[in-house]
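Summary of structural features
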Amino acid sequence: TYDRTDVAAMGWGNRSQKQVDPNDPAALLDQLMGSTRNMTETEKATARPAWEEKDVCQMYLAGCCPNALFHASQKRSDLAPCVKVHSEPIRADYQKENPSEPGTKRRGLERRLLRELRILVKSMDDRVRSTKERVELEQKAAAAAKAADKAPPNEVTAKALAEFTEQISELVRKAEEAGDEGDVETAERSLAEAEEKKKLKLELEATAAKQTEENLALAKAKVTGTMFGEQHVCEVCCSITSVRDDLNNQNHLGGQMHAGWTEIRAQRERLEELLKDEPELAREQNPNPNDEEEGEITAPQAGRDRGYRDGGWD
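Bear in mind the structure is a predicted one, so any value in this text is a computation, not a measurement.

What the protein chain contains, in helices and strands, is ten helices and two strands. Starting at the N terminus and walking to the C terminus, you meet the elements of the protein chain as α-α-α-α-α-α-α-β-β-α-α-α. Here the protein chain holds 314 residues, and the buried ones make up 33% of them. When contacts within the protein chain are restricted to residue pairs at least 6 apart in sequence, those whose partners lie at least 24 apart make up 71%.

Next up, the structure:
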């Protein structure tokens with residue numbers, strides 16, 4: 001089975017190549033008129049198709065290059081940027097001239113892309129699951145912290161404070177009775193003892209308050225960022241947003257991370273439907289439990305999917 005849990009290792013493209021600037025005038029003209037816009041008809045007839053150039057991203061030709069979806073969010077994405085060419089006109093020409101049919105090079109590219117997307121989606125789903133568990137624990141810690149901030153002292157402390165209060169009241173009563181009877185010595189001794197009890201009670205109350213404050217700080221420390229409140233973990237991209245912050249939620253849904261993972265999941269579903277009749281891919285997705293651990297995605301055996309071997313995948 002695949003053991004590549006670090007999706008950062010799944011970057012495609014030769015990083016020694018220079019990324020094409022989509023705002024470059026020449027690139028814009030290529031998108032509008034095609035990369036052969038300056039060629040004569042004779043040159044076009046004999047020219048090598050643009051999609052066969054080594055700097056053209058084969059992933060993109062197959063439908064989607066995950067590494068190119070997060071160019072503005074690289075600090076938050078595990079995927080390294082793809083430096084190859086991603087041209088919609090080239091892809092449109094490629095797909096027009098190369099129908100997706102069994103045994104074709106394009107079908108080989110699509111099979112490999114599906115395998116890569118399965119790994120990416122499984123990795124993200126695992127991250128979503130673990131993040132939701134962490135957030136749930138942090139929410140419980142937050143609730144406990146709020147409760148601790150308002151909760152009375154614990155049972156042992158409360159019992160000790162009640163005993164001090166009772167003892168102080170009893171000593172004050174004795175002092176008053178001794179005073180009424182003219183026993184000044186006993187009255188003064190009882191009042192002195194009552195003052196000592198009051199000091200002990202105040203120390204205990206201060207200790208209890210400090211412990212409560214420390215417990216609250218500890219609980220808050222376990223809550224990261226703005227987690228001290230109701231939070232939501234996005235099932236698509238694993239972003240954590242505040243339930244009550246509408247602006248934050250709107251920014252999240254319109255952000256590149258969410259849009260990118262939405263595209264990855266949509267392309268995976270498209271390819272699953274397109275390739276649903278290929279038994280090899282079905283076995284990899286749903287392996288025999290006697291051979292593989294349930295739910296794992298199996299790696300393709302050597303020698304298969306030869307269609308993409310010439311595709312300049314790397």
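Note that side chains of opposite charge can pair when their charged atoms are close. What the rule picks out here adds up to 17 salt bridges. Note that Glu278 is salt-bridged to Arg107, the shortest N-O span being 3.3 Å. Of this pair, Glu278 sits in the loop between α9 (256-274) and α10 (279-285) while Arg107 sits in helix α5 (residues 105-150); the two residues are 171 residues apart in sequence, bridging distant segments of the chain. In this structure, Glu278 and Arg107 share a single accessibility class: buried. Of the charged contacts in the structure, one is a salt bridge between Arg268 and Glu272, with a shortest N-O distance of 3.0 Å.

So, about the side chain of His252. Relative to the assigned elements, His252 resides in helix α8 (residues 246-253). Not counting chain neighbours up to four residues away, the residues in contact with His252 comprise Cys234, Cys237, Ser239, Thr241 and His258.

A word on unusual backbone geometry. Of note in the backbone geometry, Cys238 takes a positive phi value of approximately 70° without being a glycine. Summarising the element assignment, Cys238 is placed in the loop between β1 (231-233) and β2 (240-242). Judged by its relative accessible area of 11%, Cys238 falls in the buried class.

Per-residue pLDDT for the protein chain has a mean of 75; in total, 68% of the residues score no lower than 70. Within the protein chain, the element-level pLDDT minimum falls on helix α1 (residues 25-33), averaging 64, and the maximum on α9, averaging 94. Within the model, the stretch residues 1-19 combines pLDDT values under 50 with 50 contacts to residues more than four positions away or in other chains. The model gives residues 291-312 a pLDDT under 50, and that stretch makes 47 contacts with residues more than four places away or in other chains.

Here the structure, examined in full by the defined rule, presents two aromatic pairs. Consider the rings of Trp51 and Tyr94, whose centres lie 5.7 Å apart with planes at 70°: the pair is edge-to-face. Residue Trp51 is found in the loop between α2 (41-46) and α3 (58-62), and its partner Tyr94 is found in helix α4 (residues 88-97); the two are separated by 43 residues along the sequence. Using a relative accessible area of 15% as the deciding quantity, one classes Trp51 as buried. Aromatic side chains Phe70 and Trp261 sit 6.1 Å apart centroid to centroid with 40° between the ring planes, which places their arrangement in the tilted category. In this pair, Phe70 sits in the loop between α3 and α4 while Trp261 sits in helix α9, placing the two residues 191 residues apart along the sequence.

The next thing to look at is the environment of Pro102. Mapped onto the elements of the fold, Pro102 is located in the loop between α4 and α5. Counting along the chain gives 173 residues from Pro102 to Leu275, while the straight-line C-alpha distance between them is 9.4 Å.

Mapped onto the fold, Asn98 is located in the loop between α4 and α5. The contacts of Asn98, once residues within four sequence positions are left out, are Trp51 and Arg106.

A cluster of acidic residues, Glu176, Asp180, Glu181 and Asp183, forms a negative patch at the surface. Looking at the element boundaries, Asp180 is found in helix α6 (residues 155-180). Assessed through its relative accessible area of 72%, Asp180 is described here as exposed.

Within the fold, Asn249 resides in helix α8. A distance of 3.0 Å separates polar atoms of two side chains, one belonging to Asn249 and the other to Thr241. Asn249 has contacts with Thr241, Ser242 and Val243, leaving out every residue within four places of it along the chain.

Criteria and cut-off values
- Residues numbered from 1 in each chain as written.
- Predicted model: local features only at pLDDT ≥ 70, side-chain atom pairs only at ≥ 80, totals over all residues.
- Heavy atoms only, no water.
- Helix = DSSP H or I, 4+ residues; strand = E, 2+ residues; numbered from the N terminus.
- Buried < 20%, exposed > 50% of the residue type's maximum accessible area, 1.4 Å probe, protein only.
- Contact = heavy atoms within 4.5 Å.
- Salt bridge = Lys/Arg side-chain N within 4 Å of Asp/Glu carboxyl O.
- pLDDT = per-residue confidence, 0-100.
- Phe/Tyr/Trp six-rings, centres within 6.5 Å; stacked < 30°, edge-to-face > 60°.
- Patch = residues over 30% accessible without salt bridge, like charges linked within 9 Å, V, L, I, M, F, W, Y side chains within 5 Å.
- Areas by Shrake-Rupley, 256 points an atom, 1.4 Å probe, with all protein chains shown as cover.
- Lys, Arg positive; Asp, Glu negative; His and termini not counted.
- Charge placed at Lys NZ, Arg CZ, Asp CG, Glu CD.
- Polar contact = N/O pair within 3.5 Å; in protein donor to acceptor, adjacent residues only side chain to side chain.

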